[in-house]
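Each chain, letter by letter, is given below.
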Amino acid sequence: MLQQLETRIGGAVSQHILIRYGMDVVVAMEQPKQAAFGEFATPVAFGLAKQLRKPPRAIAEELVAELPSIDGVASLEVAGGGYINVRLDRAALALAALRGGSPAVTEGDGKVIVEHTNINPNKAAHIGHLRNAVLGDTFVRMLRASGQTVEVQNYIDNTGVQVADVVVGFHHLEKKSLEEVRALVAGEKFDYYCWDLYARISQYYKDNPESLQWRKDMLHEIESGEGELAALGTLVADAIVECHLNTMLRLGIVYDVLPRESEILHMQFWASAFKQLKERKAIYFETEGKNKGCWVMPGSAFDSNREDEDSKVIVRSNGTVTYVGKDIAYQMWKFGLLGKDFHYKLLRTYGDGHPLYVATGAADAPVNFGRGRKVFNVIDSRQSYLQDVVVAGLNALGYDEAAKNSIHFSYEMVALSPRTCIEMGIELSDEDAARPYVEVSGRKGLGVKADDLIDKLIDSALAEVASRNEDRSADEQFATAHAIAIGALRYFLLKFTRNTVIAFDFQEALSFTGETGPYVQYSAVRAGKILSKAGAHDAPAPESFARLLAEEGLWQYLLAVSKTDQAMASALAAGEPAHMARYAFQLAQQFANFYHDYPVIHETDAEKRSFLLWMTAQFRAAFERTASILGIPIPEFM
RNA sequence: GGGCGCGUAGCUCAGUUGGAUAGAGCAUCAGCCUUCUAAGCUGAGGGUCGCAGGUUCGAUCCCUGCCGCGCCUACCA
């Protein structure tokens, strides 16, 4: 509601400038550095100064004197060299909050598709995958909270090189039969087993380059979809997908549909895309040079600085399509531009009844996916070049709208701090030890597994919870520890802006104090505790608002809880879940101060006590809304 | 070589389309638990916003050059 007020004030000033000076300007509203300057400020007079040939301060004074009164605004003041500071009508804001201002919801005009996670189904998920999934999931929650219809896709590359490599490992290195691998799948931590096997086969290739032929042959077997080895590939990939879904579920991350590469192949999505690309001359057949015999996209199509010689191979000389080619087909499908569709079957139903479908070749479940208006691909920034090629493909096909609405929601990688590498017993070269971080590598088996990290967080939280809450049952303690682990992990991954490389460090990730998820949870729990202890209470008397809000501290707290929508709007506009996380932290800081300054339950002034309880409830509501957008659960106790 | 990104306190990072005295956490030091949970609160120290120019009334932010670092630049994904 503060959000709407800000827009309204900006609009009123803009309107007045248009009438008074005949100038159409956008009035920027900002938050003053100091609370003493008021709630909003605009430097609009500075911008007008040059054109009006008047000092900014004179213009500001003119504006303040002539502006008609604005609803919800108590006063306007000129400050500094020409700022216009806005002071709000405190009681009016409180009254609006009491009546329950509706959260700002933008009307969605079509489905938004968010694709995230996309882990190769050949080994356990690691910390880098978690950043992708948590960013994607949080962004989805933000979009949904703002009223948009969102479909969450998790693409499964179940026929790619990485799966083939692990199958090679099972077949050639371990000489295991389908049945033997089936037994492994039924056991514990199959994804961990594959993690090690993948590292082994990668090393084996390195030591025995001639064995790379195994990989080529295996890819053919898997792509054909027939025979024992293809069955082995399916077994491995499906089992690992289950592991990943379970890992993500621990963090509250769920999906709507899993499109799969195997279906893209078998349903010949690529053939349709290939036909269109050829017809529209988006790609051409290279007859000379290093790419002779390939279908390529000219470099100038996806990068204006490139020469056409820097073309990107889409179809190899042996006739097989590259990943980018398949990705173009998949992206076309997302917009409903391919003229083909998957069929689906129900893969699982989540605890809350939410169904998850997986793509299949034959009709089964009567559901539809795709046909999005806007598509966000959550993919790390190392793949920006490939994402450019995909968009260029859409452009070349004449799908300008789709190209414009294809958004690479990029983020930097998660690396490991040298200290953490040493803790994990990873040997570092002198060169690596001197760097600020060390890149993780699935091939080397170098990385922090997601489940290990979650386990470690739960253990650490449980020790703390148990020592503080001896009277609680083991189940209750565990539930809280789990919530704290999720809160700590999700907040840790969200507090960095997207283009910051995270140097993962156990000590920082396991911290529960300071700017962390548990700090936010702790504040929310404390607010809940006050409310439950106070029991039923009446709404505060509106007549008391003016008196109580004259107290600067209380006014600042009311402002803080009223800023959730603003934080959301900012986070959404910037595409930065980190902004939402920061707001959650600031809210927690505000509550910590409130908690310290006002002994709510012990307040003797009845009117004030009623108001303080109401304020506590406002805090609690803001926490619940914000935490749920961040996917951070609030435990019953801490 | 080219493309993209980064460089802000001892460390890790924010910094709202250019705006008022550049912020937070950690770490360090000094305080605060018979009062709704100390996973907390208060205070202190700590800055040439990589360097040099330019644009502007005003630059951490925009432009140019330079220095340092990272990623990408495959008929891998």
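In this text the structure is predicted, and so the values were computed from the model without any measurement.

1. Description of the overall build of chain A
And step 1. Assigned secondary structure in chain A consists of 27 helices and 16 strands.
And step 2. For a compact globule of 638 residues, the expected C-alpha radius of gyration is about 26 Å, and chain A comes in at 29 Å, within 12% of that figure.
And step 3. Here the C-alpha coordinates of chain A stretch approximately 80 × 70 × 55 Å along the principal axes.
And step 4. Residues counted as buried form 51% of the 638 residues belonging to chain A.
And step 5. Total accessible area computed for chain A in this model is approximately 28200 Å², and 50% of it derives from carbon and sulfur atoms.
And step 6. Treating the 65 positive side-chain charges of chain A as one cloud and the 82 negative ones as another, the clouds have centres 2 Å apart.

2. Quick notes on the domain arrangement of chain A
And step 1. Under the domain assignment used here, chain A contains domain 1 (2-88) and domain 2 (510-630).
And step 2. Averaged C-alpha coordinates put domain 1 and domain 2 at centres separated by 29 Å.
And step 3. At the interface, 8 residues of domain 1 touch 8 residues of domain 2.
And step 4. Roughly 690 Å² of surface becomes buried between domain 1 and domain 2 when both sides are summed, with 56% attributable to carbon and sulfur atoms.
And step 5. In this assembly, domain 1 and domain 2 are joined by 2 residue pairs in polar contact (both at pLDDT 80 or more).

3. Remarks on the protein's contact with RNA strand B
And step 1. In the vicinity of RNA strand B there are 72 residues, among which Tyr83, Arg316, Thr497, Tyr522 and Tyr595 approach most closely.
And step 2. Considering RNA strand B, the proportion of its atoms within 4 Å of the protein that are sugar or phosphate atoms stands at 66%.
And step 3. With respect to RNA strand B, the side chain of Arg582 contributes an N or O atom lying 2.8 Å from a sugar or linking oxygen.
And step 4. Counting only elements with at least two residues in the surface near RNA strand B, the list comes to α2 (44-52), β3 (83-88), α15 (384-396), α19 (450-468), α22 (517-534) and α26 (577-597).
And step 5. If you tally residues by element for the surface near RNA strand B, the top one is α26, at 8 residues.

4. Some points on the environment of Asn120
And step 1. Examined against the element boundaries, Asn120 turns out to sit in the loop between β4 (112-115) and α5 (127-145).
And step 2. Separated by 38 residues in sequence, Asn120 and Asn158 place their C-alpha atoms 7.1 Å apart.

5. Let's talk about helix α3 (residues 56-66)
And step 1. Within the sequence span of α3, burial applies to Ile59, Ala60, Glu62 and Leu63. The arc enclosing the buried residues of α3, seen along the axis, measures out at 160 degrees, which places them on a common side.
And step 2. In this fold, the buried residues of α3 make contact with α1 (2-21), α2, β2 (73-79) and β3.

6. Considerations on the sheet that holds strand β16 (residues 502-504)
And step 1. Within the open sheet, the 3 strands sit side by side as β15-β14-β16. Their pairing is mixed. Strand pairing shows two members of the sheet lacking a second neighbour, β15 (438-439) and β16, which therefore form its edges.

7. Details of the pairing of strand β11 (residues 355-360)
And step 1. Counting buried positions along β11 yields 5 of 6 residues, so the element is predominantly enclosed.
And step 2. Sheet topology places strand β6 (residues 257-258) next to β11; 2 bridges connect them, and they run parallel. Bridged to Leu258 within β11 is Val358.
And step 3. As paired strands, strand β10 (residues 343-349) and β11 are joined by 6 bridges and run antiparallel to one another. Of the residues in β11, the one forming a bridge with His343 is Thr360.
And step 4. The loop that links β10 with its antiparallel partner β11 comprises 5 residues; one of these, Gly353, has a positive phi angle of about 90 degrees.

Cut-offs applied
- Residues numbered from 1 in each chain as written.
- Chains lettered and ligands numbered in written order.
- Predicted model: local features only at pLDDT ≥ 70, side-chain atom pairs only at ≥ 80, totals over all residues.
- Heavy atoms only, no water.
- Helix = DSSP H or I, 4+ residues; strand = E, 2+ residues; numbered from the N terminus.
- Rg over C-alpha atoms; globule rule 2.2 N^0.38 Å.
- Buried < 20%, exposed > 50% of the residue type's maximum accessible area, 1.4 Å probe, protein only.
- Areas by Shrake-Rupley, 256 points an atom, 1.4 Å probe, with all protein chains shown as cover.
- Lys, Arg positive; Asp, Glu negative; His and termini not counted.
- Charge placed at Lys NZ, Arg CZ, Asp CG, Glu CD.
- Domains from an automatic or database assignment.
- Contact = heavy atoms within 4.5 Å.
- Buried area = accessible area lost by both parts, 1.4 Å probe.
- Polar contact = N/O pair within 3.5 Å; in protein donor to acceptor, adjacent residues only side chain to side chain.
- Near = heavy atom within 4 Å.
- Arc of directions from axis to C-beta.
- Pairing = 2+ DSSP bridges.

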